[in-house]
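Summary of structural features
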Amino acid sequence: MDKAQTIDISRSAKTIRAHIIKRHMEENHIDRCVCFSCGNASRAIKDAGIPCVEISPGGDLSANRWWSMNEIRNTFPDSFDATSGHLPMDMMNQLAAEYRIILSDTIKEGHTYTIPTGSGETVICLRMAFPKSRFIAQWDNQDPSCEYSDQAPMAQLVKATGEWEIING
């Protein structure tokens, strides 16, 4: 078994994700989104030119607690929920396909990678894109973008589909 290599693809992953969200919104005639974020996902969405209510530190609004997917849908019924970990499966499949193309020079078959993890969406999509590689999800409670939360919709999926660890947890 090879030693795990830590790779942080979060910036490129968020950019790819924003373009998939933009395409989805255009194809479905959705004119705005809402994104609960530490700031990375929402910043990439705004950088892609998507009208977005950014709920993050330094964003348009700030959340004082965890919001469920239902609460977001009910509060922002006319907006696409672009919160990391809330994308529908068809969009996650598109993300995995894009990762397979764009990251094929970075991710090598049979190798093991430690992936800094927040919602778990990126590591799940990497596992789908590169099924012959191993991805260890690494939550780090000292980094707001990588904090573990039991309330995150994908947390249990991440744990059930591969290795994971929590630093300072």
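Rules and cut-offs
- Residues numbered from 1 in each chain as written.
- Predicted model: local features only at pLDDT ≥ 70, side-chain atom pairs only at ≥ 80, totals over all residues.
- Heavy atoms only, no water.
- Helix = DSSP H or I, 4+ residues; strand = E, 2+ residues; numbered from the N terminus.
- Rg over C-alpha atoms; globule rule 2.2 N^0.38 Å.
- Buried < 20%, exposed > 50% of the residue type's maximum accessible area, 1.4 Å probe, protein only.
- Contact = heavy atoms within 4.5 Å.
- Areas by Shrake-Rupley, 256 points an atom, 1.4 Å probe, with all protein chains shown as cover.
- Lys, Arg positive; Asp, Glu negative; His and termini not counted.
- Charge placed at Lys NZ, Arg CZ, Asp CG, Glu CD.
- Pairing = 2+ DSSP bridges.
- Right-handed = clockwise from strand over helix to strand, strands pointing away.
- Expected span 1.5 Å × (residues − 1).
- Arc of directions from axis to C-beta.

Observations regarding the overall build of the protein
Per the secondary structure count, the protein includes six helices and seven strands. For the protein, whose C-alpha radius of gyration is 16 Å, the value lies close to the compact-globule estimate of 15 Å for 169 residues. Its C-alpha atoms give the protein principal-axis dimensions of roughly 50 × 35 × 25 Å. Taken across its 169 residues, the protein has 44% of its residues classed as buried. Sequence separation of at least 24 residues holds for 62% of the intrachain contacts in the protein that already meet a minimum separation of 6. Just so you have it, the protein exposes about 9000 Å², and 49% of that area is on carbon and sulfur atoms. Looking at charge distribution, the protein has the averaged site of its 17 positive side-chain charges lying 2 Å from that of its 22 negative ones.

Observations regarding the sheet that holds strand β4 (residues 80-81)
Ordered in space as β3-β2-β4, the three strands form an open sheet in which the pairing is parallel. Every interior strand has two partners, whereas the edge strands, β3 (52-55) and β4, have only one.

Things to note about unusual backbone geometry
With a phi angle near 55°, histidine 29 is a residue other than glycine that sits in the positive phi range. Within the secondary structure, histidine 29 is located in the loop between α1 (10-27) and β2 (33-36). In this structure histidine 29 comes out as exposed when scored by relative accessible area, which is 74%.

Quick notes on the pairing of strand β6 (residues 134-140)
Along β6, six of the seven residues are buried, which leaves the element largely enclosed by surrounding structure. Judged from the five bridges that link them, strand β5 (residues 112-116) and β6 form a sheet pairing that is parallel. Residue pairing in the sheet places threonine 114 in a bridge with isoleucine 136 of β6. On the question of chirality, the crossover connecting β5 to the parallel β6 by way of helix α5 (residues 121-129) is right-handed. With four bridges connecting them, β6 and strand β7 (residues 164-167) associate as parallel partners. The residue of β7 that forms the bridge with alanine 137 is tryptophan 164. This β-α-β element, β6 to helix α6 (residues 155-161) to β7, shows right-handed connectivity.

Quick word on helix α4 (residues 89-102)
Along its 14 residues, α4 runs 20 Å from first to last C-alpha, staying within 8% of the 20 Å computed at 1.5 Å per residue. Those residues of α4 not exposed but buried are Met91, Met92, Leu95, Ala96 and Tyr99. Projection of α4 onto a plane perpendicular to its axis shows the buried side chains occupying an angular sector of 145°, all on one side. Those residues of α4 hidden inside the fold are in contact with α1, β4 and α5.

Shape descriptors only; they carry no functional weight alone.
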